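# Close look at the chain arrangement
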Amino acid sequence: MEMATIAAEYVATTAAKYTSDPALRHIGATTMEGAAIAVPIVRYISYVASTAAQYAWDHIGYFLYYQTYVNDLQNKVQEDLLRLEHDVIGKVNLARDNGDVIHEVVQNWLNMVVEVRDEALILFNQAEEINSCFKGWGSTSHRIGKESKEKIAIIKNLLIEGRSFSSVSDPAPVPTRVAEHFDAFASREATKKEVIKALKDSNTNLIGVYGMGGVGKTTLMKEIRKQVEETKLFDKVVLATVSQNADFRGIQTQIAESLGMKKILSAILKQESIEARAAILSARLKQEKNILLILDDLRKRLELIDVGITLSKVIIISRSLDVCNSMGTTKNIEVKVLSKKDSLELFRQEVGDIDFDAQREMSEEIVNECGGLPLAIVTLARALRKKDKSVWTDVIPQLRMSMYEGMDIVNASIKMSYNFLKTRETKLCFLLCALFPERMTLNILVGYAMGEDLLGDGETLKEARGNLRIMLNSLVSSGLLLRWYDGRLFFMMHDIVRDAAISIARENRNESIMSAGLGLQKWPKLKEAGKCLRLSLMSNDIREVPADAPECSQLVTLSLASNKSLADIPDGFFEDMKRLATLDLSNIGIFSLPNSLSSLNNCLRSLYLDDCTKLQDISLIGNLKTLEILSLQRTIGISRLPEEMSRLRNLKMLDLSYNQNLKCIPPKVISRLCSLEELYMRYSYREWEIEGTGDNASLAEAASLINLTSLDFSIQNPKWLSTDIGPSHHWEKLEKFNIRMGYSTTIYGRITTKSERCVVLRTRSDCYPVAAWVNVLMGRTYELYLEECEGLKNVLQLNPKGFYNLKFLSLDDCGEMEYVVNIEEQVPETMFPNLEILKLHHLPKLKAIWNGSMTIRLPRLRILSLRKLPRLLSFFSLRRKLPGVLLECPSLETLVIQMCPYLKKLPFGPQSTPKLEEFDIENELFQGMEWDDPSVKSQLQQLLPHPPEHKDKGYSSSLSSDSPGNQGVAPRLPPTKDILSWSNAPNCRAWIKVNNPWPWLWEVRSWYSTFVIPILLGHLPTLLIQPIREEGSLAKLKCARDLM
């Protein structure tokens, strides 16, 4: 009975939708007395009966054929998704090796693929448990079947999107060519082959790769990783950096992030116990059959089991052979220095455009000093780019002088490269980067740089970022900084370069004290603390700070970030820091802010309090009148933004993202932040009020910020769409925005935005006409998601002028949408000149895509997806009289048409879609289409995965009639005209005979009694679907009133 109940619930829900459909109410009441029944009633009941039966069968199928769906899912993952993923990863790795910046949409796609594969793996395992012990045979098998089918649909979309990537990256301003050519050197090829051979050896589990600092171990391993992934020697390859202080949580986080284990990562971060985190990671890793883990920069022995690493193949990278031996490696491979020939070639590649032959002798002398160490060679070569010959002449004496003073060649070359940096600001930027133990983002660096006055006074944040980007690019070009892309762009320093930066800082009278990631548990003793300008104690385990205020009167930058055990900062701690401009207290355990924070009211410019989850009262921040950057991401203890915040008149950036508990922002707080340029509130406050109706901030306050250039927030009340919020023309200056209207965070979490300008809407019928501010955003957005938009009948209701910047348009479950575009007067061809992707899904009333007198040309459209459009008759309104070629899509690559039963024509001519590569359509629908030009059908038919076969009856099942439990593809119900017929019978108002093409269907009756599904149809009679075994291949749909 359990499955009958489930099916009945689904069909009843579906019927309720049809009951509320105003377009069908013209049918009216019918008594159905007598033999004659009006044709509209017959057609309608025929349609409803077949629809209800199809829904019922779908959910019976989940139960009976869950294993079929699981097998199909497994095939789809292994045969299609994995292959495409490997292709994309190969392109991504190649781009990364070239120093390119990977597109965010590509990285999001890869993350989603990993997530889907993880979820599919769980379904496989659950299905195996059912098969082995019959546990959960009822509701569990139904759920597994349903989820497997849904995952298949998701995978199809992923395949379409993945195949649409014309490129995966953008070129970096100065390409890094080391990785591109490094593996080609003869002195590296032998080492590379030796490592690959060891990986293939089943008796070698733990491999040690060692060599002196700067010899190129990490670069070599990146090349090996690339080759391993391309040859599919391993399913997955993970690279984690251990560094000087072996932070277990950090290593576990890197592994989980690399594998895209979002749920596992969340569980790891919540656990305080090392053992508990290790157990979680270990259990998840055991699900991976063929994975390679590379642990880079291991300085001392590490118990892998304590981290949760229980893999069969691990590579250890270390400077020391002793460390490798202490780990119990079964094979150790040394990375030796480059040969003289390869060293000279590397120098030539990196030094750039010079007359190399004319300076060959000097080049050889410089290279000889580098001792075959790639890091020294690259750093020196880049430092000498475009330098005069006199500079080259001075290099050798300077190197020898540094080495005479005890400095090794690598550090000497780094110091020389530092000295060659053109500006004081770029040199200071280099030292700021060394404050971080590992990677850093542009957004956090800009706050540090502003505090140091590196970016000029009175600059906008956009200009500041631009100036900072120039400095960072210069450091990358000089070989002093690395780019790293892992979902977003990071910058990193080689550990040897950081060591050199620390050494340089020490030469300047302790101006910078960099003690990040050293495992410190106590506050360090500071020599000449009064001279210290920068102090970084990030990523340690400091539990308390001095009770007496440190004598750091000259301190400009202070970071105590990621000292998770630090629960209290004494009230007087900041009293003597009268010059402190940047303060980073992110990810520490404080419950309150010290009172002395107010003493920084005339100096502090950047304050970071991200991930301070126990912090609740932040009212002291209101005293910091010079503050320009305030970041409070994931500070989830905050439920109310204090009114004191309104005093921050110089604030340029406010980040309140991921604070789901923030429920109140008092009126006039936001509007008084008159200098605000960037406001970020993703997954945060959503209670914007209609002005004057409550105790919360009004959306008009955000609209009043005339300097705003970036905006990211959600609005719970969709009524705002039709509400005037005052002058909004300055929103035309918005360069980045991400706005979600009427969406809960749960629903929004399903949508992955891919661009810098995005709007996501779920509306009510009283939201129209929309206000002027909506028109402004619609004209500027790149991505538009419309989901469950009541009252929306065509998209021009949102902006009559068109969508000239729109690249991505998705409409999903908009129940009243009749036309995507409905306009009578002539409009420009370029209404959607930049549209690349159009998705129309679950639109029950959509009649046509375009209605109106206009010529349609979509010059950049690459993907068109039409799914579950039961009333779609044509791309264009049937009232239109247009020439044969109605739609031109010269860039179209993918066309998907699924579950659009009444679509009879495609508006294409022989030259309409010259680049079309993928065409996904149901074979029956394709065969039933009408064609003005047979050549168009021939062109499209060749793109079908399997050419359609002509059958008299295409509804037979691959299942045996002996048992409904056999595995196979669950059949689709035949068209209505083939299963429904009418007859009269005594004592019954009407009968519908159903020609049953599956004799075994009646066996279902013995599984869960008689299958009875009640359907309410407004004024129409109640339909009862009752299979009767005695009637053989006939079933009766008994139509009568008052049988419920």
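Scroll up to find the structure.
As the structure is a computational prediction, the values presented were derived from the model and not from experiment.

Here is what the cut-offs are and how they apply
- Residues numbered from 1 in each chain as written.
- Predicted model: local features only at pLDDT ≥ 70, side-chain atom pairs only at ≥ 80, totals over all residues.
- Heavy atoms only, no water.
- Salt bridge = Lys/Arg side-chain N within 4 Å of Asp/Glu carboxyl O.
- Helix = DSSP H or I, 4+ residues; strand = E, 2+ residues; numbered from the N terminus.
- Buried < 20%, exposed > 50% of the residue type's maximum accessible area, 1.4 Å probe, protein only.
- Core = buried A, V, L, I, M, F, W, Y, C linked by side-chain atoms within 4.5 Å.
- Phe/Tyr/Trp six-rings, centres within 6.5 Å; stacked < 30°, edge-to-face > 60°.
- Pairing = 2+ DSSP bridges.
- Axes fitted to C-alpha atoms, helices over the stretch in contact; angles between N-to-C directions.
- Parallel < 35°, antiparallel > 145°, perpendicular 65-115°, else oblique.
- Contact = heavy atoms within 4.5 Å.
- Nonpolar A, V, L, I, M, F, W, Y, C, P; charged D, E, K, R; others polar.
- Polar contact = N/O pair within 3.5 Å; in protein donor to acceptor, adjacent residues only side chain to side chain.

Let us look at the pattern of salt bridges. Within this structure, the stated rule accounts for 28 salt bridges. We note a salt bridge from K462 to E735, for which the minimum N-O separation is 3.2 Å. Pair noted here: K462 is in helix α21 (residues 461-477) and E735 is in the loop between β18 (710-715) and β19 (736-741), with a separation of 273 residues, a long-range link. Note that R605 is salt-bridged to E628, the shortest N-O span being 2.5 Å. Placement of the pair is R605 in the loop between β13 (582-584) and β14 (606-608) and E628 in the loop between β14 and β15 (629-631), with a sequence separation of 23 residues. Taking relative accessible area as the criterion, R605 reaches 15% and is therefore assigned buried. Taking relative accessible area as the criterion, E628 reaches 9% and is therefore assigned buried. Each of D297, R299, R319 and D495 takes part in a single network of salt bridges with overlapping partners.

Grouped together as the largest cluster of nonpolar side chains are 137 residues, with contacts concentrated most on I621, W773 and L786. A per-element tally of this core places helix α25 (residues 772-780) first, with five residues. The next biggest cluster of nonpolar side chains, apart from the first, holds 94 residues, and it includes M362, V378, I409 and I414.

Time to look at the packing of aromatic side chains. With the rule as written, the count across this model stands at 16 aromatic pairs. Aromatic pair W523 and F573: ring centres 5.7 Å apart, planes at 85 degrees, arrangement edge-to-face. Of the two residues, W523 is situated in the loop between β10 (512-514) and β11 (534-536) and F573 in the loop between β12 (557-559) and β13; the sequence distance between them amounts to 50 residues. Each of the two residues, W523 as well as F573, counts as buried. Their ring planes at 70 degrees and their centres at 5.9 Å tell us that F919 and F926 sit as a pair that is edge-to-face.

What follows deals with the sheet that holds strand β23 (residues 819-822). Strand order across the open sheet formed by three strands is β23-β25-β28, with parallel pairing between neighbours. The sheet is open, and its two borders are formed by β23 and β28 (874-876), each paired with just one other strand. For this sheet the average axis-to-axis angle between neighbouring strands, irrespective of direction, equals 15 degrees. Bridge analysis of strand β25 (residues 848-851) against β28 gives two bridges, and the strand direction is parallel. Note on β28: the bridge partner recorded for W850 is F876.

Direction vectors running N to C along helix α20 (residues 442-451) and α21 enclose 100 degrees, while the axes themselves pass 10 Å from each other. The orientation of α20 relative to α21 falls into the category roughly perpendicular. Mapping the contact onto sequence places L442, N443, L445, V446, A449 and M450 in α20 and L461, A464, R465, L468, R469 and L472 in α21. In the contact of α20 with α21, the residues fall into nine nonpolar, one polar and two charged.

When you line up the elements, N540 lands in the loop between β11 and β12. For the pair N540 and S562, spaced 22 residues apart in the sequence, the C-alpha separation amounts to 6.8 Å. Setting aside residues no more than four positions away along its own chain, N540 makes contact with S515, A516, G517, L518, G519, L520, S562 and N563. Only 2.9 Å separates the side chain of N540 from the backbone nitrogen of L518, close enough to count as a polar contact. At 3.2 Å, the side chain of N540 and the backbone oxygen of M538 are in polar contact.

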